[in-house]
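Residue-level structural notes
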Amino acid sequence: MNRRNFIQLGATSILALSASRFAFAKSDTQVDLRIVATTDVHSFLTDFDYYKDAPTEKFGFTRAANLIRQARQEVKNSVLVDNGDLIQGNPIADYQAAKGYKEGKPNPAIDCLNAMHYDVGTLGNHEFNYGLGYLADVIKQAKFPMINANVVKAGTAEPYFTPYVIQTKEVVDSQGKTHKLNIGYIGFVPPQIMVWDKANLQGKVETRDIVKTAQKYVPEMK
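As the structure is a computational prediction, the values presented were derived from the model and not from experiment. (Residues numbered from 1 in each chain as written. Predicted model: local features only at pLDDT ≥ 70, side-chain atom pairs only at ≥ 80, totals over all residues. Heavy atoms only, no water.)

Right, let's get into the overall build of the protein. In terms of helices and strands, the protein carries 8 helices and 11 strands. The 222 residues of the protein split such that 44% are buried. Sequence separation of at least 24 residues holds for 72% of the intrachain contacts in the protein that already meet a minimum separation of 6. Split by element, the accessible area of the protein, about 11,800 Å² in all, is 51% carbon and sulfur. (Helix = DSSP H or I, 4+ residues; strand = E, 2+ residues; numbered from the N terminus. Buried < 20%, exposed > 50% of the residue type's maximum accessible area, 1.4 Å probe, protein only. Contact = heavy atoms within 4.5 Å. Areas by Shrake-Rupley, 256 points an atom, 1.4 Å probe, with all protein chains shown as cover.)

Written out as structure tokens, the structure reads:
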């Protein structure tokens, strides 16, 4: 897959635009907004394949970062989001969970996203592979909100994480005028995490149906 297309995938599941309070004075006034998104980074942070012990041109967040900067520079208005499966899937991630975390070192994947000034991130199923305590500390390190709407505290309907956020972003229209746009973000995780990570999650959290959860929160966001 083309790397430029790769970084644009995944945003539709976490981004909703709310324009109910946003009106333009003239019909020919238009705001273009670019959504730049990463997904399934899996802690492949550099262009080095640890399994083959060799450099690679096929992946690496350091390569994606250059494309992200370029994509943002091309337009007046953009948001940058991550669609999850960020903190697991690479020897870097396993080392951090096994040793670095115990030594108090910050999560390297979160450091990268902080440096790139992400607006929002959502949780993927692999965020739960190292347990809820580990994930909680990862979320604390993020300088951007990491959200999920369909994981609840066991035996309740109370969200375990922040279900959604609404951010006010200043945008520039086609006439060069500045406006404020409210952007709502919401995230969901496959309910099957209760099977895949049963040892980490049973008795602590439960999952809810994605569609029903969206039907609950999206009207509230609007």
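What the 4 strands build is an open sheet, ordered E2-E5-E6-E7; its pairing is parallel. Every interior strand has two partners, whereas the edge strands, strand E2 (34-38) and strand E7 (146-147), have only one. Contacting E2 and strand E5 (78-82), helix H2 (residues 61-73) crosses the sheet at an angle of about 175° to E2. (Pairing = 2+ DSSP bridges. Axes fitted to C-alpha atoms, helices over the stretch in contact; angles between N-to-C directions.)

As a further point, take the environment of His179. With respect to the secondary-structure elements, His179 resides in strand E10 (residues 178-186). His179 sits in the buried class, given a relative accessible area of 18%. For the pair His179 and Thr168, spaced 11 residues apart in the sequence, the C-alpha separation amounts to 10.0 Å. Side chain to side chain, His179 and Asp173 meet in a polar contact 2.7 Å long. (Polar contact = N/O pair within 3.5 Å; in protein donor to acceptor, adjacent residues only side chain to side chain.)

Along the polypeptide, Asp82 turns up in strand E5. Among the polar contacts listed, one links the side chain of Asp82 to the side chain of Thr38, at a separation of 2.7 Å.

Let's shift gears to the pairing of strand E9 (residues 164-172). Consecutive residues of a regular strand have side chains that alternate between opposite faces of the sheet. Bridging between E9 and E10 involves 9 bridges; their strand directions are antiparallel. Paired with Lys169 across the two strands is Leu181, which belongs to E10. Following E9, the chain reverses through 5 residues before pairing antiparallel with E10; Gly176 in that reversal takes a positive phi of roughly 85°.

Below, the discussion takes up the nonpolar core. Counting 33 residues, the largest nonpolar core has Phe61, Tyr118 and Phe128 as its most contacted members. Contact partners of Phe61, with chain neighbours within four places excluded, come to Thr38, Val41, Phe44, Leu45, Thr46, Ile68, Cys112, Leu113, Met116 and Tyr118. (Core = buried A, V, L, I, M, F, W, Y, C linked by side-chain atoms within 4.5 Å.)

Let us now look at unusual backbone geometry. Here Ser43, not a glycine, exhibits a phi torsion of approximately 60°, which is positive. Topologically, Ser43 is positioned in the loop between E2 and strand E3 (48-49). When its relative accessible area of 2% is taken as the criterion, Ser43 is described as buried. Although it is not a glycine, Asp53 sits at a positive phi angle of roughly 55°. By the secondary structure assignment, Asp53 is in the loop between E3 and strand E4 (54-55). Asp53 gets classed as exposed once you look at its relative accessible area, which sits at 62%.

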